[in-house]
Amino acid sequence: MARPSMGTVALVLLLAWCCAVTTVRATEWIVGGDKGWTFGIAGWENDKPIQPGDKLVFKYEPGAHNVVKVEVDGYMECKAPDGATFHSSGNDTFEMPGGKAYFICTFPGHCEKGMRIGIPPR
Ligand SMILES: *[C@@H]1O[C@H](CO)[C@@H](O)[C@H](O)[C@H]1NC(C)=O
Ligand SMILES: [Cu+2]
């Protein structure tokens, strides 16, 4: 068998590199950016290319807020369903599923003041 040419070697390395980068890299998003998870950040998500497998990190002062993953109706009505899981560490991380994902704060009035996000599928 002939020795592979430098060009072939370079191409194989390039393909291996690009596949490794595209499959391994998951972005970690700090919800709300510098402000973190707080009032008025609804809409922060709209221009973010958030992909399945990415991580969403909700940062806030523990006791001041919480994070509850809900369905679309919970998002629209600002209401957590029975049996919902309440996250309250102040540093709550969620991995994006394949479909839509909705998160609200269930402290009274907070969701209505913009503590909710809905991530559309990409
Ligand atoms: C927040 O959570 C992430 C992921 O679980 C972890 O890597 C990080 O160290 C935590 N940061 C703080 C300040 O606790
Ligand atoms: Cu809140």
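- The name an unreviewed UniProt entry assigns to the chain is Plantacyanin, from the organism Triticum aestivum.

## Topic: the pattern of salt bridges
- Inspection of every chain in the model, using the stated rule, returns one salt bridge.
- One salt bridge connects Lys48 with Asp47, and the closest N-O pair in it is separated by 2.8 Å.
- Under the relative-accessibility criterion, Lys48 is labelled buried at 17%.

## Concerning the sheet that holds strand S6 (residues 116–119)
- Overall, antiparallel pairing links the three strands, which are arranged S3-S5-S6 in an open sheet. Edge positions in the open sheet fall to strand S3 (68–70) and S6, since each of these has one partner strand only. Going across the sheet, the axis of each strand differs from the next one's by a mean of 25°, ignoring polarity.
- Where strand S5 (residues 101–104) and S6 come together, four bridges link them in antiparallel fashion. Bridge pairing in S6 links Ala101 to Ile119.

Calculation criteria
Residues numbered from 1 in each chain as written. Chains lettered and ligands numbered in written order. Predicted model: local features only at pLDDT ≥ 70, side-chain atom pairs only at ≥ 80, totals over all residues. Heavy atoms only, no water. Salt bridge = Lys/Arg side-chain N within 4 Å of Asp/Glu carboxyl O. Buried < 20%, exposed > 50% of the residue type's maximum accessible area, 1.4 Å probe, protein only. Pairing = 2+ DSSP bridges. Helix = DSSP H or I, 4+ residues; strand = E, 2+ residues; numbered from the N terminus. Axes fitted to C-alpha atoms, helices over the stretch in contact; angles between N-to-C directions.

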